[in-house]
Structure formats: structure tokens, C-alpha cells
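Chains, contacts and geometry: an overview
If you want the building blocks of each chain, they are given just below.
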Amino acid sequence: MPKRIQDLPEEYHSNQRRLAQAIGRRMRVRREQLALTQEHLRARMELEQVFMSRTQYSRLENGYALPNAAELIALRAILAVTFDWLLGTGE
């Protein structure tokens, strides 16, 4: 782990984990509402020019990783939600 990341307070890391878990839960709920499998959602992401392995998608949905900007943009479009909803800053 890079030193600059190791030096961050634990509060930062716990906030990152909580955010990743919240986004992952929202992704799963909305994907299931749309009756999409993870594979179908990943295929739609490829149509948006965002390529992601099954492992990476699983890590996002299970709250172990945060999506990058391109992934957020594609997810917002595919899931037909707002950024605020996806990030948990609005309902």
C-alpha cells in the first residue's frame, strides 16, 4: 500500500468502506428491480465503452471497491438513476 494511503486516518478508510458498501447495495437492488443479471449489466456497460471483469463487478456490488468515474457514469445510465441516488446523497 502506498505510504500516502497508509498515513490517512482510520476514519477516512471506514468512510470509504461504508460508501462502497452503500453504493454496492444500491447497485444490487436496482439491478434486481430491472431483472438484470450481473452478466447482462456488464454487457450493457460494454455498450457504454466501460469494460469490467466479473471479479471487478462483483467487488463493486459486494462493497469491496468504489466505482471510478467512468463506471459511475455508465451505471447511472444503465440503472436509470441519478448520481445522488447511486452515491446515497439523495433519494
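The structure reproduced in this document is the subject of the present report. Predicted, not measured: the structure shown is a model, and the values here were computed from it. (Residues numbered from 1 in each chain as written. Predicted model: local features only at pLDDT ≥ 70, side-chain atom pairs only at ≥ 80, totals over all residues. Heavy atoms only, no water.)

Below, the discussion takes up the packing of helix α2 (residues 10-33) against helix α4 (residues 54-61). It is the contact of α2 with α4, at a shortest axis distance of 7 Å, that shows an interaxial angle of 105 degrees. Relative to α4, α2 is oriented roughly perpendicular. Two secondary-structure elements touch here, α2 through Ala20, Gly24, Arg25, Met27, Arg28 and Arg31 and α4 through Tyr57, Leu60 and Glu61. Among the residues forming the contact of α2 with α4, the class breakdown is four nonpolar, one polar and four charged. (Axes fitted to C-alpha atoms, helices over the stretch in contact; angles between N-to-C directions. Helix = DSSP H or I, 4+ residues; strand = E, 2+ residues; numbered from the N terminus. Parallel < 35°, antiparallel > 145°, perpendicular 65-115°, else oblique. Contact = heavy atoms within 4.5 Å. Nonpolar A, V, L, I, M, F, W, Y, C, P; charged D, E, K, R; others polar.)

On the surface, Ile73, Phe83 and Leu87 cluster together into a nonpolar patch covering about 240 Å² of accessible area. Relative to the helices and strands, Leu87 resides in helix α6 (residues 83-87). (Patch = residues over 30% accessible without salt bridge, like charges linked within 9 Å, V, L, I, M, F, W, Y side chains within 5 Å. Areas by Shrake-Rupley, 256 points an atom, 1.4 Å probe, with all protein chains shown as cover. Salt bridge = Lys/Arg side-chain N within 4 Å of Asp/Glu carboxyl O.)

Moving on to the packing of aromatic side chains. Considering all chains together, one arrives at zero aromatic pairs under this definition. One cation-aromatic arrangement involves Arg26 over Trp85; the distance from NZ or CZ to the ring centre is 5.1 Å. (Phe/Tyr/Trp six-rings, centres within 6.5 Å; stacked < 30°, edge-to-face > 60°. Lys NZ or Arg CZ within 6 Å of the ring centre and 35° of its normal.)

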